[in-house]
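# Residue-level structure breakdown
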Amino acid sequence: MCTTRVFEVKNMFFFFLYLLSLSLEFSKAQMVTAVYVFGDSQVDVGNNNYLVVSVAKADFPHNGIDFPTKKPTGRFCNGKNAADLLAEKVGLASSPPYLSLSKKDAASYINGVSFASGGAGIFNGTDQVFGQAIPLSKQVENYLAVHKILVQQLGTSAEEKHFSKSLFAIIIGSNDLFDYFGSSDLRKKNTPQQFVDLMANSLEGQLKVIKDYSFGARKFFVSGIPAIGCVPAQRVKTKTQECNEELNFWSVKYNEGLKAMLKGLKSEFQGINYSYFDIYSIMQNILQKPSAYGFNEIKAACCGLGNLKAQVPCVPISTYCSNRKDHVFWDLYHPTEATARIVVDTLFDGPSQYSVPMNLRQLVSA
């Protein structure tokens, strides 16, 4: 009997070591403690599902056809989007949509939260185009509510340590430019240069709010605007199916202002580190040399109806391509999972021509 007990104790001991090794292995794989995501439909993982009157939704087929569950989730994509793939890179599950979390406690928020919303912009007025979205100011307000709960339940010291090892990802701005060039009222109020300057200044203000409330916040990933003039929704407007170069020009101008703003923010807050990602350049490379990236369709959407499948969005009555991996665009605005993977691989491990002053791997290790 004594021998049996010794054997059982040994088994329990080795089982404990096994669990401990799994825990250590998981911790090692986790490069940050959490990912807090702010942005638009490029990284929305389902918040808009909970907005009753919003028309900016993707909770219906054929969205999600290549997602692990094979079901629509609210992601504007055939599969995983950039937020999912970024989380994979740092060893975490995708940050859940803020509006999906009915239990408002530290356990719900500790590994990250997504505040992103399809149709959102830096400015509050952007969401009116789509009926309802969560603009950046409200996303930051929701983050502050999460921050308050974490401070209350973890304590100030633990909260500061937690946020010092967390990643703050901001992917937003495209909808603001779409709104500006689609609104005569906005164009009367500001020149294009004034507008993109206001965008960068407004984003700076929101980043300062996050930093002011989260003393431990150190790691900020901020993406520029892609070549939005080349999405199918813009190409379909011309007989030649060429890109809208005016939109592209001002995307570049905004990105230049964004880079300068982040550099200044770093000077003001010495403790922070950031990675600015030039998504415009990598998307232009893909569009100019598609075969090098495995694509053969750069103009048409995979899912939709009409010319370039961009005259009707990806809705249940739409048709979709059989091979999503050879299309750059899933629908009239959004990339396929294949495109998103290339983008995330580049922002994570890519060269300095795309990431300033460091790539994401370097940022999370800093």
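About the criteria used
- Residues numbered from 1 in each chain as written.
- Predicted model: local features only at pLDDT ≥ 70, side-chain atom pairs only at ≥ 80, totals over all residues.
- Heavy atoms only, no water.
- Helix = DSSP H or I, 4+ residues; strand = E, 2+ residues; numbered from the N terminus.
- Rg over C-alpha atoms; globule rule 2.2 N^0.38 Å.
- Buried < 20%, exposed > 50% of the residue type's maximum accessible area, 1.4 Å probe, protein only.
- Contact = heavy atoms within 4.5 Å.
- 1 Å grid on protein atoms, 1.4 Å probe; cavity = no way out; pocket = protein on both sides within 12 Å on 5 of 7 lines; lining within 4 Å.
- Points joined across faces, edges and corners; volume = space filled by probe spheres on them.
- Pairing = 2+ DSSP bridges.
- Salt bridge = Lys/Arg side-chain N within 4 Å of Asp/Glu carboxyl O.
- pLDDT = per-residue confidence, 0-100.
- Axes fitted to C-alpha atoms, helices over the stretch in contact; angles between N-to-C directions.
- Parallel < 35°, antiparallel > 145°, perpendicular 65-115°, else oblique.
- Nonpolar A, V, L, I, M, F, W, Y, C, P; charged D, E, K, R; others polar.
- Disulfide = S-S within 2.5 Å.

For the chain, the helix and strand inventory stands at 13 helices and 10 strands. Radius of gyration (C-alpha) of the chain: 22 Å, near the 21 Å computed for a compact globule of 366 residues. In terms of overall dimensions, the chain has C-alpha extents of about 85 × 50 × 40 Å along its principal axes. Residues classed as buried in the chain amount to 52% of the 366 residues present. The long-range fraction of contacts in the chain, counting pairs at least 24 apart against all pairs at least 6 apart in sequence, stands at 70%.

Another aspect to go through is empty space enclosed by the protein. Evaluation of the coordinates by the stated rule reveals 1 cavity of 30 Å³ or more. Considered as a void within the structure, the largest cavity measures approximately 40 Å³ in volume. Every residue lining the largest cavity is listed: Leu207, Phe220, Val222, Leu262, Leu265, Lys266, Ile272 and Tyr274. When residues of the lining of the largest cavity are assigned to their parent elements, the largest contribution, 3 residues, is made by helix α10 (residues 245-268).

A word on the sheet that holds strand β2 (residues 112-114). The sheet built from 6 strands is open, its strands ordered β2-β1-β3-β4-β5-β10 with mixed pairing. On the outer flanks of this sheet lie β2 and β10 (355-356), each paired with one strand and no other. By the bridge criterion, 5 bridges tie strand β1 (residues 35-39) to strand β3 (residues 167-171) in an arrangement that is parallel. Note on β3: the bridge partner recorded for Tyr36 is Phe168.

To continue, consider the pattern of salt bridges. Across all of its chains, the model carries 12 salt bridges by this definition. The closest approach of N and O atoms between Glu141 and Lys138, which form a salt bridge, is 3.0 Å. Taken as a pair, Glu141 and Lys138 lie in helix α4 (residues 136-154) at a separation of 3 residues, close to a single helical turn. A salt bridge links Asp349 to Arg361; the shortest N-O distance between them is 2.5 Å. In this pair, Asp349 is assigned in helix α12 (residues 337-349) and Arg361 in helix α13 (residues 360-365), connecting sequence segments 12 residues apart. Since its relative accessible area comes to 41%, Asp349 is described here as partly exposed. Judged by its relative accessible area of 37%, Arg361 is partly exposed. When salt bridges that share partners are traced, they join Lys80, Glu88, Glu337 and Arg341 into one network.

Mapped onto the elements, Lys71 comes out in the loop between β1 and α2 (82-89). Residues Lys71 and Gln194 lie 123 residues apart in sequence; the distance between their C-alpha atoms is 42 Å. When near neighbours in sequence (up to four residues on either side) are disregarded, Lys71 contacts Asn63 and Gly64.

This part is about the confidence of the model for the chain. Counting all residues, the mean pLDDT for the chain is 91, and 91% of those residues have values of 70 or more. Note on residues 1-26: pLDDT is under 50 here. Beyond four places in sequence and across chains, it has 1 contact.

Right, let's talk about the environment of Leu332 for a bit. Within the element layout of this structure, Leu332 appears in the loop between β9 (327-329) and α12. Judged by its relative accessible area of 12%, Leu332 is buried. In contact with Leu332, other than residues within four places in its own chain, are Val231, Pro232, Ala233, Ala301, Ala310 and Pro313.

Remark: α4 packs on helix α8 (residues 192-213), axes separated minimally by 10 Å, with the N-to-C direction vectors making an angle of 5°. Comparing the axis directions of α4 and α8 gives the class roughly parallel. Contact residues: Leu136, Ser137, Val140, Tyr143, Leu144 and His147 in α4; Leu203, Gln206, Val209, Ile210 and Tyr213 in α8. Among the residues forming the contact of α4 with α8, the class breakdown is 8 nonpolar, 3 polar and no charged.

The tally for this structure, following the rule as stated, stands at 3 disulfides. Between Cys230 and Cys243 runs a disulfide, and the two sulfur atoms are separated by 2.1 Å. One quick way to see it: the torsion about the S-S bond of Cys230 and Cys243 is about 110°, and its sign makes the bridge right-handed. With Cys230 in the loop between β4 (219-223) and α9 (232-235) and Cys243 in the loop between α9 and α10, this residue pair connects regions lying 13 residues apart in the sequence. Neither residue differs from the other here; Cys230 and Cys243 are each classed as buried. Counting only the cysteines that form disulfides, in the order they appear in the chain, gives the pairing 1-2, 3-6, 4-5.

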